[in-house]
Amino acid sequence: MILEQFVEIKEQTQVMADPLDLLVTNIILKEHAPTEIYEIGTGSGAWVITQFKTGITAPEYVLIDDFSWTAKGWSGNRFWPQDELDLRNYVDEQTNHKLSFKIVNSDIYDYIDIMKSNINTVRIDMDPDHNGFEKIIDKLDDTGLLLVDDVVFNMGLNRIVNLIDFKRQGKIYPLWIGLKESAWVKNKDYRDQLYVSACNTIKENYDIGLTEYDEPYLNIDTWKYFTTRYHNFSEKFQNLKQS
Ligand SMILES: C[S@@+](CC[C@H](N)C(=O)[O-])C[C@H]1O[C@@H](n2cnc3c(N)ncnc32)[C@H](O)[C@@H]1O
(Lines give C-alpha, C1' and ligand atoms only; values in the text may rest on other atoms or scores of the structure.)
Protein backbone atom coordinates (compact mmCIF):
# COMPACT_ATOMS: atom_id res chain seq x y z
CA MET A 1 0.00 0.00 0.00
CA ILE A 2 1.14 3.53 -0.59
CA LEU A 3 1.06 6.48 1.80
CA GLU A 4 -1.88 8.16 0.00
CA GLN A 5 -4.04 5.15 0.82
CA PHE A 6 -3.25 5.54 4.51
CA VAL A 7 -4.10 9.25 4.28
CA GLU A 8 -7.46 8.33 2.72
CA ILE A 9 -8.22 5.64 5.30
CA LYS A 10 -7.32 7.99 8.13
CA GLU A 11 -9.89 10.45 6.72
CA GLN A 12 -12.51 7.69 6.80
CA THR A 13 -11.77 6.27 10.24
CA GLN A 14 -10.64 9.50 11.95
CA VAL A 15 -7.99 7.47 13.77
CA MET A 16 -5.79 9.58 16.06
CA ALA A 17 -2.60 8.58 14.25
CA ASP A 18 -0.27 9.94 11.59
CA PRO A 19 -0.56 8.20 8.18
CA LEU A 20 3.21 7.63 8.10
CA ASP A 21 3.02 5.88 11.45
CA LEU A 22 0.09 3.82 10.20
CA LEU A 23 2.15 2.73 7.22
CA VAL A 24 5.18 1.64 9.26
CA THR A 25 2.99 -0.03 11.90
CA ASN A 26 1.25 -1.91 9.11
CA ILE A 27 4.56 -3.28 7.82
CA ILE A 28 5.74 -4.25 11.30
CA LEU A 29 2.45 -6.00 12.02
CA LYS A 30 2.62 -7.86 8.71
CA GLU A 31 6.09 -9.13 9.63
CA HIS A 32 5.02 -9.95 13.17
CA ALA A 33 1.76 -11.65 12.03
CA PRO A 34 -0.15 -11.13 15.31
CA THR A 35 -2.11 -14.06 16.65
CA GLU A 36 -4.08 -11.69 18.89
CA ILE A 37 -4.18 -7.97 19.57
CA TYR A 38 -5.10 -6.39 22.89
CA GLU A 39 -5.77 -2.68 22.60
CA ILE A 40 -5.76 -0.82 25.91
CA GLY A 41 -7.71 2.41 25.39
CA THR A 42 -9.80 1.46 22.36
CA GLY A 43 -11.99 4.56 22.18
CA SER A 44 -14.15 4.18 19.08
CA GLY A 45 -12.05 1.28 17.77
CA ALA A 46 -10.66 3.55 15.05
CA TRP A 47 -7.15 2.05 15.21
CA VAL A 48 -8.37 -1.53 14.97
CA ILE A 49 -10.73 -0.56 12.14
CA THR A 50 -7.86 1.22 10.35
CA GLN A 51 -5.66 -1.86 10.62
CA PHE A 52 -8.48 -3.99 9.21
CA LYS A 53 -8.94 -1.61 6.28
CA THR A 54 -5.21 -1.77 5.58
CA GLY A 55 -5.03 -5.55 5.51
CA ILE A 56 -4.21 -6.54 9.09
CA THR A 57 -6.59 -8.97 10.70
CA ALA A 58 -5.52 -10.84 13.79
CA PRO A 59 -7.55 -13.94 14.63
CA GLU A 60 -8.64 -12.42 17.93
CA TYR A 61 -8.97 -8.92 19.43
CA VAL A 62 -9.53 -7.78 22.99
CA LEU A 63 -10.66 -4.17 23.17
CA ILE A 64 -10.24 -2.64 26.60
CA ASP A 65 -11.79 0.68 27.59
CA ASP A 66 -13.42 2.04 30.72
CA PHE A 67 -15.40 4.63 28.71
CA SER A 68 -13.95 7.32 30.97
CA TRP A 69 -13.52 9.70 28.04
CA THR A 70 -17.18 9.24 27.15
CA ALA A 71 -18.13 9.96 30.77
CA LYS A 72 -16.09 13.16 30.62
CA GLY A 73 -18.01 14.27 27.53
CA TRP A 74 -15.28 13.77 24.92
CA SER A 75 -16.47 13.40 21.35
CA GLY A 76 -13.69 15.09 19.40
CA ASN A 77 -16.32 16.06 16.79
CA ARG A 78 -16.49 12.51 15.50
CA PHE A 79 -18.13 9.27 16.49
CA TRP A 80 -17.35 8.26 20.06
CA PRO A 81 -19.13 5.28 21.66
CA GLN A 82 -21.47 5.86 24.57
CA ASP A 83 -21.11 2.32 25.87
CA GLU A 84 -20.01 -1.21 25.08
CA LEU A 85 -22.93 -1.94 22.74
CA ASP A 86 -22.30 1.24 20.83
CA LEU A 87 -18.63 0.26 20.38
CA ARG A 88 -19.54 -3.29 19.34
CA ASN A 89 -22.03 -2.08 16.72
CA TYR A 90 -19.61 0.47 15.31
CA VAL A 91 -16.67 -1.95 14.95
CA ASP A 92 -18.98 -4.59 13.43
CA GLU A 93 -20.43 -2.08 10.96
CA GLN A 94 -17.02 -0.72 9.93
CA THR A 95 -15.46 -4.16 9.45
CA ASN A 96 -18.50 -5.91 7.93
CA HIS A 97 -18.68 -8.21 10.97
CA LYS A 98 -15.34 -9.71 9.98
CA LEU A 99 -13.46 -9.15 13.25
CA SER A 100 -13.61 -11.56 16.11
CA PHE A 101 -13.38 -9.37 19.20
CA LYS A 102 -14.22 -9.18 22.84
CA ILE A 103 -14.83 -5.89 24.65
CA VAL A 104 -13.58 -5.47 28.20
CA ASN A 105 -15.42 -2.58 29.79
CA SER A 106 -13.05 -1.97 32.66
CA ASP A 107 -10.41 0.28 34.08
CA ILE A 108 -7.14 -1.41 33.03
CA TYR A 109 -5.95 -1.36 36.66
CA ASP A 110 -8.92 -3.53 37.67
CA TYR A 111 -8.41 -5.90 34.75
CA ILE A 112 -4.64 -6.27 34.52
CA ASP A 113 -4.27 -8.90 37.26
CA ILE A 114 -6.86 -11.19 35.67
CA MET A 115 -5.72 -10.49 32.11
CA LYS A 116 -4.21 -13.56 30.48
CA SER A 117 -0.44 -14.02 30.24
CA ASN A 118 1.80 -14.56 27.21
CA ILE A 119 -0.12 -12.10 25.06
CA ASN A 120 1.17 -11.85 21.52
CA THR A 121 0.49 -8.17 20.72
CA VAL A 122 -0.55 -5.24 22.89
CA ARG A 123 -1.23 -1.65 21.89
CA ILE A 124 -1.37 1.00 24.60
CA ASP A 125 -3.34 4.14 23.79
CA MET A 126 -3.87 5.57 27.27
CA ASP A 127 -1.52 6.67 30.01
CA PRO A 128 -0.72 3.82 32.43
CA ASP A 129 1.16 4.58 35.62
CA HIS A 130 4.60 2.98 36.14
CA ASN A 131 3.26 -0.01 38.03
CA GLY A 132 0.42 -0.63 35.57
CA PHE A 133 2.79 -0.26 32.63
CA GLU A 134 5.18 -2.81 34.12
CA LYS A 135 2.35 -5.29 34.64
CA ILE A 136 1.27 -4.89 31.02
CA ILE A 137 4.83 -5.64 29.86
CA ASP A 138 4.96 -8.68 32.14
CA LYS A 139 1.82 -9.99 30.42
CA LEU A 140 3.51 -9.93 27.02
CA ASP A 141 4.80 -13.11 25.45
CA ASP A 142 8.58 -13.44 25.09
CA THR A 143 8.21 -12.81 21.35
CA GLY A 144 5.41 -10.34 21.92
CA LEU A 145 5.13 -6.93 20.30
CA LEU A 146 4.20 -3.79 22.22
CA LEU A 147 2.89 -0.73 20.40
CA VAL A 148 2.68 2.49 22.39
CA ASP A 149 1.03 5.62 21.07
CA ASP A 150 1.71 9.27 21.95
CA VAL A 151 5.41 8.96 22.63
CA VAL A 152 6.04 12.64 22.05
CA PHE A 153 7.10 15.10 24.72
CA ASN A 154 4.07 17.37 24.52
CA MET A 155 1.64 14.47 24.74
CA GLY A 156 3.10 11.46 26.50
CA LEU A 157 5.99 12.50 28.69
CA ASN A 158 5.09 9.90 31.36
CA ARG A 159 5.05 7.18 28.75
CA ILE A 160 8.47 8.22 27.47
CA VAL A 161 9.98 8.24 30.96
CA ASN A 162 8.47 4.83 31.75
CA LEU A 163 9.57 3.30 28.45
CA ILE A 164 13.14 4.51 28.91
CA ASP A 165 13.14 3.10 32.42
CA PHE A 166 11.93 -0.32 31.23
CA LYS A 167 14.42 -0.19 28.38
CA ARG A 168 17.24 0.49 30.86
CA GLN A 169 16.09 -2.45 32.98
CA GLY A 170 16.29 -4.65 29.87
CA LYS A 171 12.57 -5.41 30.04
CA ILE A 172 11.90 -4.12 26.52
CA TYR A 173 13.88 -3.11 23.45
CA PRO A 174 12.92 -0.38 21.00
CA LEU A 175 12.19 -1.54 17.48
CA TRP A 176 10.92 1.68 15.95
CA ILE A 177 10.07 5.20 17.12
CA GLY A 178 7.67 6.96 14.78
CA LEU A 179 6.24 10.44 14.73
CA LYS A 180 3.87 9.53 17.56
CA GLU A 181 3.59 5.73 17.63
CA SER A 182 6.34 3.35 18.73
CA ALA A 183 7.05 -0.39 18.67
CA TRP A 184 8.86 -2.34 21.38
CA VAL A 185 9.84 -5.97 21.70
CA LYS A 186 10.67 -8.00 24.80
CA ASN A 187 13.12 -10.44 23.30
CA LYS A 188 16.28 -8.95 21.87
CA ASP A 189 16.82 -11.68 19.24
CA TYR A 190 13.25 -11.35 18.08
CA ARG A 191 13.70 -7.58 17.97
CA ASP A 192 16.76 -8.03 15.72
CA GLN A 193 14.79 -10.39 13.48
CA LEU A 194 11.89 -7.94 13.12
CA TYR A 195 14.30 -5.05 12.74
CA VAL A 196 15.95 -6.66 9.73
CA SER A 197 12.76 -7.84 8.04
CA ALA A 198 10.53 -4.83 8.68
CA CYS A 199 13.27 -2.28 8.13
CA ASN A 200 14.33 -3.89 4.86
CA THR A 201 10.76 -3.96 3.58
CA ILE A 202 10.39 -0.27 4.41
CA LYS A 203 13.73 0.67 2.90
CA GLU A 204 13.14 -1.31 -0.27
CA ASN A 205 9.60 -0.14 -0.90
CA TYR A 206 9.04 3.25 0.69
CA ASP A 207 10.88 6.50 0.57
CA ILE A 208 9.78 7.77 3.95
CA GLY A 209 13.01 9.00 5.44
CA LEU A 210 13.81 6.41 8.05
CA THR A 211 16.76 7.12 10.28
CA GLU A 212 18.61 4.24 11.88
CA TYR A 213 20.24 4.32 15.28
CA ASP A 214 22.46 1.38 15.99
CA GLU A 215 25.24 2.74 18.14
CA PRO A 216 25.35 1.54 21.71
CA TYR A 217 24.80 4.37 24.14
CA LEU A 218 28.10 4.68 26.10
CA ASN A 219 28.60 1.00 25.30
CA ILE A 220 26.16 0.12 28.08
CA ASP A 221 23.65 -1.53 25.86
CA THR A 222 22.63 -1.63 22.27
CA TRP A 223 20.05 0.90 21.21
CA LYS A 224 19.53 -0.46 17.76
CA TYR A 225 16.25 0.88 16.48
CA PHE A 226 14.92 2.88 13.61
CA THR A 227 12.91 6.04 13.60
CA THR A 228 10.76 7.92 11.16
CA ARG A 229 12.24 11.26 10.34
CA TYR A 230 10.09 14.31 10.93
CA HIS A 231 8.54 14.44 7.48
CA ASN A 232 7.55 18.10 7.40
CA PHE A 233 11.16 19.00 7.88
CA SER A 234 12.25 16.66 5.09
CA GLU A 235 9.64 18.13 2.74
CA LYS A 236 10.65 21.68 3.59
CA PHE A 237 14.29 20.81 3.13
CA GLN A 238 13.51 19.31 -0.30
CA ASN A 239 11.63 22.47 -1.31
CA LEU A 240 14.52 24.59 -0.11
CA LYS A 241 16.97 22.59 -2.21
CA GLN A 242 14.78 22.96 -5.28
CA SER A 243 14.19 26.71 -4.98
C1 LIG B 1 -6.68 8.27 23.02
S2 LIG B 1 -8.19 7.51 23.37
C3 LIG B 1 -8.21 6.09 22.36
C4 LIG B 1 -8.16 6.36 20.87
C5 LIG B 1 -8.25 5.14 19.99
N6 LIG B 1 -7.36 4.07 20.40
C7 LIG B 1 -7.92 5.51 18.56
O8 LIG B 1 -6.85 5.14 18.07
O9 LIG B 1 -8.72 6.19 17.93
C10 LIG B 1 -7.92 6.85 24.97
C11 LIG B 1 -9.00 5.89 25.50
O12 LIG B 1 -8.51 5.29 26.71
C13 LIG B 1 -9.58 5.13 27.62
N14 LIG B 1 -8.97 5.05 28.96
C15 LIG B 1 -8.36 6.06 29.66
N16 LIG B 1 -7.93 5.61 30.85
C17 LIG B 1 -8.25 4.29 30.91
C18 LIG B 1 -8.06 3.28 31.90
N19 LIG B 1 -7.47 3.53 33.08
N20 LIG B 1 -8.50 2.02 31.63
C21 LIG B 1 -9.13 1.75 30.44
N22 LIG B 1 -9.33 2.67 29.48
C23 LIG B 1 -8.91 3.93 29.70
C24 LIG B 1 -10.47 6.35 27.38
O25 LIG B 1 -11.81 6.12 27.77
C26 LIG B 1 -10.31 6.58 25.87
O27 LIG B 1 -11.37 5.98 25.16
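Draft legend 1. Examining the sheet that holds strand β3 (residues 101-105) more closely. Taking strand neighbours across the sheet as the criterion, the nine strands line up as β3-β2-β1-β4-β5-β7-β6-β9-β8 in an open arrangement whose pairing is mixed. Looking at which strands have only one partner, the edges of the open sheet turn out to be β3 and β8 (210-213). In this sheet, neighbouring strand axes are inclined to one another by 20 degrees on average, regardless of whether the strands run parallel or antiparallel.

Draft legend 2. Broad picture of the pairing of strand β6 (residues 173-177). Where burial is concerned, most of β6 is hidden: five out of the five residues are buried. Of the pairings in the sheet, the one linking β6 to strand β7 (residues 182-185) comprises four bridges and is antiparallel in character. Pairing of tryptophan 176 across the sheet is with alanine 183, part of β7. Bridge count for β6 against strand β9 (residues 225-228) is two bridges, and the pairing is parallel. Its bridge partner lying in β9, tryptophan 176 is registered against phenylalanine 226.

Draft legend 3. Structural context of the packing of helix α1 (residues 3-13) against helix α2 (residues 19-32). Between α1 and α2, the shortest axis-to-axis distance is 9 Å and the interhelical angle comes to 115 degrees. By the angle between their axes, α1 is roughly perpendicular relative to α2. In the packing of α1 onto α2, the handedness of the crossing is right-handed. Across from Leu3, Phe6, Val7 and Lys10 in α1, the residues of α2 making contact are Pro19, Leu20, Leu22 and Leu23. Class assignment of the residues belonging to the contact of α1 with α2 gives a composition of seven nonpolar, no polar and one charged.

Draft legend 4. Region of the structure containing α1. Of all the positions in α1, only Phe6, Lys10 and Thr13 are classed as buried. Projected down its long axis, α1 carries its buried residues within an arc of 75 degrees, all on one side. Seen from the open side of α1, the exposed residues pointing more than 90 degrees away from its buried face are Glu4, Glu8, Glu11 and Gln12. Glutamine 14, located one to two residues past α1, shows a positive phi value of around 60 degrees.

Draft legend 5. Region of interest: the environment of alanine 71. Examined against the element boundaries, alanine 71 turns out to sit in helix α4 (residues 68-71). Owing to 9 C-beta atoms within 10 Å, alanine 71 belongs among the exposed residues under this scheme. Taking the C-alpha atoms as reference points, alanine 71 and aspartate 83, twelve residues apart in sequence, are found 9.6 Å from one another.

Draft legend 6. The arrangement of the site of the ligand in detail. If you check the shell around the ligand, you find 18 residues, and the closest are Gly41, Gly43, Ala46, Trp47 and Trp69. When residues of the shell around the ligand are traced back to their parent elements, those giving at least two are α3 (46-53), β2 (61-65) and α4. Here the shell around the ligand is composed, by residue class, of nine nonpolar, five polar and four charged.

Draft legend 7. Region of the structure containing the environment of lysine 186. Turning to its location among the elements, lysine 186 is positioned in the loop between β7 and α9 (188-205). By the C-beta count within 10 Å, which is 20 here, lysine 186 ends up buried. Considered as a pair, lysine 186 and valine 161 are 25 residues apart in the sequence and their alpha carbons are 17 Å apart. Here lysine 186 is in contact with Leu140, Asp142, Gly144 and Ile172, once residues within four sequence places are set aside.

Calculation rules
- Residues numbered from 1 in each chain as written.
- Predicted model: local features only at pLDDT ≥ 70, side-chain atom pairs only at ≥ 80, totals over all residues.
- Pairing = 2+ DSSP bridges.
- Helix = DSSP H or I, 4+ residues; strand = E, 2+ residues; numbered from the N terminus.
- Axes fitted to C-alpha atoms, helices over the stretch in contact; angles between N-to-C directions.
- Buried ≥ 20, exposed ≤ 12 C-beta atoms within 10 Å, placed from the backbone.
- Parallel < 35°, antiparallel > 145°, perpendicular 65-115°, else oblique.
- Left-handed = near helix turned anticlockwise from the far one by under 90°.
- Contact = placed C-beta atoms within 7 Å.
- Nonpolar A, V, L, I, M, F, W, Y, C, P; charged D, E, K, R; others polar.
- Arc of directions from axis to C-beta.
- Near = placed C-beta within 6 Å.

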